[in-house]
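In case you want the letters, here they are:
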Amino acid sequence: SNAEIGLIGLGTMGAALALNIADNGFDIAVWNRTSTVTKDFHANAGELADKITPTETLEELVAAIAEPRAIILMVPAGQPVDDQIAALRPLLGENDLIIDAGNANFHDTNRRAEEAGDLPFLGIGVSGGEEGARFGPSIMGGGKREYWDRVAHILTAISAKHEDTACATWMGEGGAGHFVKAVHNGIEYADMQMIAEVYGIMRDGLGMDNAAISDTFAKWDKGPLKSYLIEISGKVAGAIDPKTGAPMLDIIVDAAGQKGTGRWTVIEAQLLAAPIPAIEAAVVARNLSSQLEARAAGEDLFGTAPRQLPHDALSLDTLEQALMAGKILCYAQGFDMITKASEEFGWALPLPAIAQVWREGCIIRSDMLDDMSTALAEDENRNLMFAPTFADKLKSNHDALRQVVAQGALHGIALPALSSGLTYFDAMRTARGTANMIQGQRDFFGAHGFARTDGGSGHHGPWGNN
Ligand code: NDP
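Residues numbered from 1 in each chain as written. Predicted model: local features only at pLDDT ≥ 70, side-chain atom pairs only at ≥ 80, totals over all residues.

Student: Would you mind going over the packing of helix H8 (residues 176–205) against helix H15 (residues 316–345) with me for this structure?
Tutor: The description of two helices packed together rests on the angle between their axes and the distance between the axes. Relative orientation of the contacting elements H8 and H15 amounts to 160°, with a least axis distance of 10 Å. In terms of their interaxial angle, H8 and H15 are classed as roughly antiparallel. H8 and H15 meet at a crossing whose hand is right-handed. Contacts between H8 and H15 involve Phe-179, Val-180, Val-183, Gly-186, Ile-187, Ala-190, Asp-191, Met-194, Val-198 and Ile-201 from the first element and Leu-319, Leu-323, Gly-326, Lys-327, Cys-330, Tyr-331, Gly-334, Met-337, Ile-338 and Ala-341 from the second. Classifying every residue of the contact of H8 with H15 gives 15 nonpolar, three polar and two charged. (Axes fitted to C-alpha atoms, helices over the stretch in contact; angles between N-to-C directions. Helix = DSSP H or I, 4+ residues; strand = E, 2+ residues; numbered from the N terminus. Parallel < 35°, antiparallel > 145°, perpendicular 65-115°, else oblique. Left-handed = near helix turned anticlockwise from the far one by under 90°. Contact = placed C-beta atoms within 7 Å. Nonpolar A, V, L, I, M, F, W, Y, C, P; charged D, E, K, R; others polar.)

What follows is the structure, encoded as structure tokens:
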């Protein structure tokens, strides 16, 4: 019983995480439901095999780990996690810690933490895919702080680093870590969608070929938009299909898949009454993209929109600025949702630290998160769009976003996330909006009452019907 930690589930993520842990000098014991997988994993672990103890039964796994034990679960989210906990708990001591590192819904993590009672349990969000898990993921921890502290040295050692800061942080009790991971995924959806929309403008509006689009993303990746998603978008646009020799992008069907974590974020935002329109638009866009037949029928019925923009209607610099404004607004929405969740669930989610945890290792890693972390550290409760650094960027770039959205509208190019971002911006800078009409309507048909601009609430109008 020498291993410092155990791991269950040697699939894509679990195997990569186990190698990462061993690579950082920790002895680890592993178990997988199908034991041939465990054997193959160990046989292929190369020089790390010495640090890894393969086991064939759960009892063997438990016996191989030093007390008090810590065991990571990396199995599919949902029922498999509950089943695995039920099988493992009876074999463990009351000080032994179970860590669910899969993509759990944070409500499930809240429930599991409650069901565990005094038995140690953590739910941690792990981002960065297989590559991240192997060489440095971004880790968002949730559960009792004392349990986090027990394994923090291992989790920070294996995590991504930005300069000297580890991208692994305790977020709060219960499902806090999985909640932050869900918002991360929501932002990821919107960031990807905005990039896809800008690609659409370049392809259909400006008539650029894939090589030119690839070069543009590569150029932007050297400026303020520098990020993993811009980098890979350039590479995707530049790739050639080995089978046909055609640009890879032209061969890929335009129906986006999803595992549902973006949807969770949107559902949760609605429950929190947190406005995240750009993220909602991105989830809607994925749902809509899968309606391939209906879209083809729509093009037959209504005709192809002109799409091609007039010469000089938009420059590439304008597109870059629009994407910058859209990105800021999308992150502002995501962080604002985190603030709302902190209030609602009694967490103290550390916004500047969250921006830092996302700085490296995860899909939304970008240079801009540095400035976001700094801006959030100045005042966590202020919407990011009001932080001076970002307010200045919005002041100089929102007109570009407006021009892009306007050109899209005039020429039939759908821009759901960018236009939602712009609408959010305009709504957030309108001191007197139009909800007075909503309140009038509500009072008219339902006597719901309204507040008056000259003071007092619960007033009714002279509608003559109540
Ligand atoms: P895989 O499908 O590659 O692996 C699943 C693993 O879980 C296998 O080891 C499998 O064992 C085991 N397993 C499946 N069902 C059960 C069960 N009922 N009881 C016990 N063990 C079971 O999944 P991933 O590694 O991709 O994902 C694992 C978790 O990580 C998921 O929650 C996923 O959402 C999350 N995640 C995945 C990311 C990714 O990029 N892939 C990124 C971040 C998080 P067996 O060999 O016996 O089938």
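Student: Sorry if this is basic, but what is going on with the site of the ligand here?
Tutor: Taken together, 22 residues are adjacent to the ligand, and Gly-11, Met-13, Arg-33, Gly-102 and Asn-103 come closest. For the shell around the ligand, the secondary structure elements donating two or more residues are helix H1 (12–23), helix H4 (79–88) and helix H6 (129–135). A class-by-class count of the residues in the shell around the ligand yields nine nonpolar, ten polar and three charged. (Near = placed C-beta within 6 Å.)

Student: Honestly, the sheet that holds strand S3 (residues 52–54) in this entry has me stumped. Any pointers?
Tutor: Strand pairing in a sheet relies on backbone hydrogen bonds, with the paired strands running either antiparallel or parallel. One open sheet accounts for eight strands, arranged S3-S2-S1-S4-S5-S6-S7-S10; its pairing is mixed. Both edges of this open sheet fall to S3 and strand S10 (168–172), since each of them pairs with a single strand only. Adjacent strand axes in the sheet meet at a mean angle of 25°, parallel and antiparallel pairs treated alike. Strand direction decides the pairing type here: strand S1 (residues 5–8) and strand S4 (residues 70–73), joined by three bridges, are parallel. Within S4, the residue paired with Leu-7 across the bridge is Ile-72. Contacts between helix H5 (residues 106–116) and the sheet are confined to strand S5 (97–100), strand S6 (121–127) and strand S7 (138–143), with S6 contributing the most and set at about 155° to the helix. (Pairing = 2+ DSSP bridges.)

Student: Is there a simple way to explain the pairing of S6 in this structure?
Tutor: Looking along a regular strand, one sees the side chains alternate between the two faces of the sheet. The buried fraction of S6 amounts to seven of the seven residues, a majority that puts the element mostly inside the structure. Residue alternation in S6 divides its side chains into two sets, Phe-121, Gly-123, Gly-125 and Ser-127 and Leu-122, Ile-124 and Val-126, and both sets are buried. Here S5 pairs with S6 via three bridges, running parallel. The residue bridging Ile-99 from the neighbouring strand is Leu-122, located in S6. Handedness of the crossover is the feature at issue here: the chain leaves S5, passes through H5, returns alongside S6, and the resulting connection is right-handed. For S6 and S7, the ladder comprises six bridges, and the chain directions are antiparallel. Pairing of Val-126 across the sheet is with Ile-139, part of S7. (Buried ≥ 20, exposed ≤ 12 C-beta atoms within 10 Å, placed from the backbone. Right-handed = clockwise from strand over helix to strand, strands pointing away.)

Student: Would you mind going over the confidence of the model for the protein chain with me for this structure?
Tutor: Should the pLDDT be low somewhere, the predicted coordinates at that spot are not to be read in detail. Residues at a pLDDT of 70 or more form 99% of the protein chain, whose mean pLDDT is 97. This prediction of the complex comes with two scores: 0.96 for pTM and 0.98 for ipTM. (pLDDT = per-residue confidence, 0-100.)

Student: Sorry if this is basic, but what is going on with the UniProt feature "active site" (unreviewed entry) in the protein chain here?
Tutor: UniProt records the feature "active site" (unreviewed entry) at Lys-181 and Glu-188, using the numbering of this structure. The exposure class of Lys-181 is buried, given the 30 C-beta atoms found within 10 Å. Look past the residues within four positions of Lys-181 in its chain and what remains in contact with it is Gly-125, Ser-127 and Met-140. Following the sequence through the fold, Glu-188 ends up in helix H8. Those residues in contact with Glu-188 that lie beyond four places of it in its chain are Ile-363 and Ile-364. (UniProt positions renumbered as here; feature names shortened; annotations may be inferred.)

Student: Just to check I follow, could you spell out the environment of Thr-423 for this structure?
Tutor: Checked against the element boundaries, Thr-423 lands in helix H19 (residues 416–428). On the neighbour-count criterion, Thr-423 (15 C-beta atoms within 10 Å) is partly exposed. As a C-alpha pair, Thr-423 and Pro-277 span 146 residues in sequence and 8.6 Å in three-dimensional space.

Student: So what exactly am I meant to see when it comes to the UniProt feature "binding site: substrate" (unreviewed entry) in the protein chain here?
Tutor: Under the feature "binding site: substrate" (unreviewed entry), the UniProt entry names Asn-103, Ser-127, Gly-128, Gly-129, His-184, Asn-185, Tyr-189, Lys-259, Arg-286, Arg-442 and His-448. A maximum C-alpha distance of 49.4 Å among these annotated residues, which run over 346 residues, shows that they spread across the structure rather than meeting at one spot. Structurally, the position occupied by His-184 is in helix H8. Judged by local crowding, His-184 falls into the buried class, with 23 C-beta atoms found within 10 Å. Here His-184 is in contact with Ser-127, Trp-358, Cys-362 and Ile-364, once residues within four sequence places are set aside. For Asn-185, a count of 25 C-beta atoms within 10 Å puts it in the buried group.

Student: How should I be thinking about the nonpolar core in this particular structure?
Tutor: Nonpolar side chains in soluble globular proteins generally cluster together in the buried interior. By size, the foremost hydrophobic cluster in this structure holds 136 residues, and its most contacted members are Leu-7, Ala-18, Ile-28, Ile-99, Ala-278, Ile-279 and Leu-384. The two domains that each donate at least three residues to this core are domain 1 (5–174) and domain 2 (182–428). Beyond its immediate sequence surroundings of up to four residues, Leu-7 is in contact with Gly-14, Leu-17, Ala-18, Ile-28, Val-30, Ile-71, Ile-72 and Met-74. (Core = buried A, V, L, I, M, F, W, Y, C linked by C-beta atoms within 7 Å. Domains from an automatic or database assignment.)

Student: How do you make sense of H8 when you look at a structure like this?
Tutor: The α-helix advances 3.6 residues per turn, and as a result positions three or four apart in sequence lie on the same side. Taking 1.5 Å per residue as the helical rise, H8 with its 30 residues ought to reach 44 Å, and the 42 Å between its terminal C-alpha atoms agrees with that figure. With 26 of its 30 residues buried, H8 lies for the most part within the structure. Backbone geometry just after H8 places Gly-207 at a positive phi near 65°. (Expected span 1.5 Å × (residues − 1).)

Student: Where do I start with unusual backbone geometry in this structure?
Tutor: Trans peptide bonds make up the majority, and among non-glycine residues the majority have a negative phi. Here Glu-67 and Pro-68 are connected by a cis peptide whose omega angle stands at -10°. Phi angles above zero are rare outside glycine, and Ala-273 is one such case at about 55°. The backbone of Ala-447 sits at a positive phi, close to 50°, despite the residue not being glycine.

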